[in-house]
Amino acid sequence: MFIRLENVYYTYNLHMPFETKALKNINLDIKKGEFIGLIGHTGCGKTTLIQHFNGLLTPTSGKVYVEEMDISKKGIDLKLIRQKVGLVFQYPENQIFEETIFQEIAFGPKKLGLPKDEIEKRVREALKMVDLDYNLYAERSPFTLSGGEMRRVALASILSIRPKMLILDEPTANLDPQGRNKILSEIKAIHDNFGITVVLVSHNMEKVAEMVDRLLVMNKGEIIMDGPPREIFAKRANDLLKVGLGLPQVTQCMYELKIRGKDLYTGVLNVNEAEKEILNNIKKLNSQLKKYERL
Amino acid sequence: MKILRNISFGQYIPRESLIHNLDPRIKILSCLAIIISLFLLTEFWGYLILGTFVMIGIIISQIHPKFVFKGLRSILFIIMFTLIIHLFMTEGEVLYQLSFLKITKEGLIKGLFISCRLFILILATSLLTLTTSPISLTDGIEKLLSFFKFIGMPAHEIAMMMTIALRFIPTLLEETEKIMKAQISRGADFDTGNIFNRTKNLIPILIPLFVNAFRRADELAIAMEAKCYRGGEGRTHFRQLKIRVIDILTLILTSIITIIASVLF
Ligand SMILES: Nc1ncnc2c1ncn2[C@@H]1O[C@H](COP(=O)(O)OP(=O)(O)O)[C@@H](O)[C@H]1O
Ligand SMILES: [Mg+2]
């Protein structure tokens, strides 16, 4: 078990006139190598939750364990935890401050006190992971980049710490479709090629559901669903719609057909699967029709 | 990081109370009168009167005193500091001596005197900012400053600058916290090291903060121009300030109290 949360509650401005109960009774296990999508409306507590994973916030009550270590205990080296659990904030391009992209990405490794050649190795590796050419980019100023490129540099600046787990808070927010697809495919590749545990936070089901092994759905500070996306779409599509979280378009389409009386499986994630399912259904109907004709 | 969230000094708390509904100009003038008389008076009795007056104001305003005093906590250090400086640095009749440090009677009196002054000053200004929304506060300041327009005082511009500054203080604090957390996640460390290192550690916070602030200022300027903002000339206000009887009574009461406090004592 990599991360484990037990009965975690978190309240902002505790005992103040405007206190907000942001997390309520969260119980969660994250295993090594999982690819998780954390979905919920804006303001449901996603950002609050992920800040518990690397000790930026400590629960108002409850326990957080990282690799079986209780991280709210005194004397725990939180720096070590943050090295293991890399957290990429929303709009990470707003944290860029160095003169060159090289230095920006080298910030984390430098803080770890690594030797020079190791730092350079890590910068090269991190730039490669986000598909930016070292020779073209290393000496450029990060402030001259496009929004999508800036975000990839920010992502690289976490990857250069070599975290075992990567958490991304709304990595696609405010990007054009091309930039969005690019960064998502890089994240997928990072998970597949390096075995890094990934938690992808989003308020939008589209795209994410197709990539991840496991979905966590949050609503008003609670985790209301937890399971593989197929299973959730197959069994709990109407609950998802009830809390106002849409389904991916194809899944929505299958769901609409189902409530209009078609006997379809709604746990589909993309157009190909939907096509197969519908064709199967038509075949089934045809064979039934033939049976009737014979009678 | 914790400090950022505990600043209640200068924060508006909406309530339906007599004090909240007073005209902002009256509140500003009253606050000014209290501050001036704080510096004029020479006897402790004066502080007692003004202190009681402000406390009554706090009670009427329906704001929990706990909240008012919370704002004081951040100033407590300054008050203690002045008290200690005065305690040890004033010549006079020695009350107590510990090697080269000596506490004098004059020092004690002067220290307490200045502390009381600071204390009531913060209390009065907190009451003003806690009960007046930033918008009506700057409205009031603009109206008051426009008395001085004839000597070329840019009343509207000053008020606009204040409005924008006040509006963006919480945003900047929030952003500072966010950037700090982001850099901590990348391995930055703000709590250890000597003064020189700590100052250097601020660079990863300050640069993004400035970059974002300039960008935001640019966007705000464009947005304001797009909404046809062209300075104060001929600008009308949605909310008109009106002096009512209660406002005049408050002003008279404050004048009497502050004059008594500063002239008689
Ligand atoms: N720094 C903060 N201070 C006070 N309340 C906060 C703070 N950050 C978030 N909140 C509140 O906590 C709730 C959850 O916020 P957040 O975790 O940012 O949601 P999400 O990331 O899902 O959009 C919201 O109601 C929000 O207003
Ligand atoms: Mg968020």
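These numbers come from a predicted model, not from an experiment.

A. View of the pattern of salt bridges. All names here are of chain A. Under the definition given, this model contains 32 salt bridges over all chains. Among the ionic pairs, Lys63 bridges to Asp70, the shortest N-O distance being 3.9 Å. Residue Asp239 pairs with Arg236 through a salt bridge whose shortest N-O separation is 3.1 Å. Of this pair, Asp239 and Arg236 both sit in helix α9 (residues 229-242), 3 residues apart, roughly one helical turn.

B. Region of interest: the domain arrangement of chain B. We note that the domain assignment places domain 1 (1-132 + 241-265) and domain 2 (155-234) within chain B. Spacing between the C-alpha centres of domain 1 of chain B and domain 2 of chain B amounts to 30 Å.

C. Geometry of the sheet that holds strand β3 (residues 35-40) of chain A. Residues and elements named next belong to chain A. In space, the 6 strands of this open sheet follow the order β6-β7-β8-β3-β9-β10, with mixed pairing throughout. At either end of the open sheet lies a strand with only one pairing partner, and these are β6 (85-88) and β10 (222-227). When the angles between neighbouring strand axes are averaged without regard to direction, this sheet yields 15°. Packing of helix α7 (residues 177-194) onto the sheet brings it into contact with β3, β7 (165-169) and β8 (197-202), and relative to β8 it is tilted by some 155°.

D. Spotlight on the interface of chain B and chain A. At the interface, 22 residues of chain B touch 24 residues of chain A. In total, chain B and chain A occlude about 2100 Å² of area from one another, counting both sides; carbon and sulfur atoms represent 60% of this. Its largest share of buried area at the contact with chain A, chain B owes to B:Lys181, B:Ser185 and B:Arg186, together 35% of the area lost on that side. Counting across the interface, chain B meets chain A through 2 salt bridges. Across the pair A:Glu104 and B:Arg186 runs a salt bridge, and its minimum N-O distance is 2.7 Å. At the boundary of chain B and chain A, one finds 6 residue pairs in polar contact (both at pLDDT 80 or more). Elements represented by at least two residues in the side of chain B that touches chain A include exactly α5 (65-89), α8 (155-185) and α10 (203-226) of chain B. Considering every element that reaches the side of chain B that touches chain A, the biggest residue donor is α10(B), with 7 residues. Residues that form the side of chain B that touches chain A fall into these classes: 10 nonpolar, 6 polar and 6 charged.

E. Highlighting the site of ligand 1. Residues and elements named next belong to chain A. Around ligand 1, the neighbouring residues are Tyr12, Asn13, Thr20, Ala22, His41, Thr42, Gly43, Cys44, Gly45, Lys46, Thr47 and Thr48. Gly45 places a main-chain nitrogen or oxygen 3.1 Å from an oxygen atom of ligand 1. One nitrogen or oxygen atom from the side chain of Thr47 is found 2.5 Å from an oxygen atom belonging to ligand 1. Computed on the free molecule, ligand 1 has an accessible area of 560 Å², of which 66% lies beneath the protein chains in the complex. Counting residues per element, the ones that place at least two in the shell around ligand 1 are β2 (20-30) and α1 (46-53). Looking at which element gives the most residues to the shell around ligand 1, the answer is α1, with 3 residues. Its residues assigned to classes, the shell around ligand 1 comprises 3 nonpolar, 8 polar and 1 charged.

F. Broad picture of unusual backbone geometry. Residues and elements named next belong to chain A. Non-glycine residue Asp131 carries a positive phi angle of around 60°. Structurally, Asp131 is set in the loop between α4 (116-129) and α5 (134-137). Here Asn174, not a glycine, exhibits a phi torsion of approximately 65°, which is positive. Relative to the helices and strands, Asn174 resides in the loop between β7 and α7.

G. Fine view of the nonpolar core. Formed by 51 residues in total, the largest nonpolar core has its most connected members in A:Leu166, A:Phe233 and A:Leu240. In this structure, A:Leu240 is in contact with A:Met205, A:Val217, A:Met225, A:Ile232, A:Phe233, A:Leu245 and A:Leu247, ignoring residues within four places of it in sequence. Ranked by size, the runner-up nonpolar core spans 40 residues in total, among them A:Val85, A:Phe97, B:Met180 and B:Ile205.

H. View of α5(B). All names here are of chain B. Between the first and last C-alpha of α5 there are 34 Å, a value that for 25 residues agrees with the 36 Å anticipated at 1.5 Å per step. At Ser74, α5 is bent by approximately 50°, the largest bend along its length. In this fold, the buried residues of α5 make contact with α4 (44-60), β2 (101-104) and α6 (105-131).

I. A look at the sheet that holds strand β1 (residues 3-12) of chain A. All names here are of chain A. Read across the open sheet, the 4 strands follow the order β2-β1-β4-β5; overall the sheet is antiparallel. Pairing within the sheet leaves two strands with one partner each, and these edge strands are β2 and β5 (69-70). Bridging between β1 and β2 involves 7 bridges; their strand directions are antiparallel. Within the sheet, the bridge partner assigned to Arg4 lies in β2 and is Asp29.

J. Examining the packing of aromatic side chains more closely. For the coordinates displayed, the defined rule picks out 8 aromatic pairs over all chains. Seen from their ring centres, A:Tyr10 and A:Tyr12 are 5.0 Å apart, and the 80° between their planes marks the pair as edge-to-face. Note on A:Tyr12: relative accessible area 25%, which makes it partly exposed. Pairing A:Phe97 with A:Phe107 gives two aromatic rings, centres 5.2 Å apart and planes at 90°, and the pair type is edge-to-face. With a gap of 10 residues between them, A:Phe97 in the loop between β6 and α3 (101-111) and A:Phe107 in helix α3 connect regions that are remote in the sequence. Exposure remark for A:Phe107: the relative accessible area of 6% places this residue in the buried category. Three or more aromatic residues joined by ring pairs form one cluster here, namely B:Phe44, B:Tyr47 and B:Phe113. The positively charged end of A:Arg124 is found above the aromatic ring belonging to A:Tyr134, 3.8 Å away from the centroid. Sitting over the face of the ring of B:Phe168, B:Arg167 holds its NZ or CZ atom 4.6 Å from the ring centroid.

About the criteria used
- Residues numbered from 1 in each chain as written.
- Chains lettered and ligands numbered in written order.
- Predicted model: local features only at pLDDT ≥ 70, side-chain atom pairs only at ≥ 80, totals over all residues.
- Heavy atoms only, no water.
- Salt bridge = Lys/Arg side-chain N within 4 Å of Asp/Glu carboxyl O.
- Helix = DSSP H or I, 4+ residues; strand = E, 2+ residues; numbered from the N terminus.
- Domains from an automatic or database assignment.
- Pairing = 2+ DSSP bridges.
- Axes fitted to C-alpha atoms, helices over the stretch in contact; angles between N-to-C directions.
- Contact = heavy atoms within 4.5 Å.
- Buried area = accessible area lost by both parts, 1.4 Å probe.
- Polar contact = N/O pair within 3.5 Å; in protein donor to acceptor, adjacent residues only side chain to side chain.
- Nonpolar A, V, L, I, M, F, W, Y, C, P; charged D, E, K, R; others polar.
- Near = heavy atom within 4 Å.
- Areas by Shrake-Rupley, 256 points an atom, 1.4 Å probe, with all protein chains shown as cover.
- Core = buried A, V, L, I, M, F, W, Y, C linked by side-chain atoms within 4.5 Å.
- Buried < 20%, exposed > 50% of the residue type's maximum accessible area, 1.4 Å probe, protein only.
- Expected span 1.5 Å × (residues − 1).
- Bend = angle between axes of the 7 residues up to and from the residue.
- Phe/Tyr/Trp six-rings, centres within 6.5 Å; stacked < 30°, edge-to-face > 60°.
- Lys NZ or Arg CZ within 6 Å of the ring centre and 35° of its normal.

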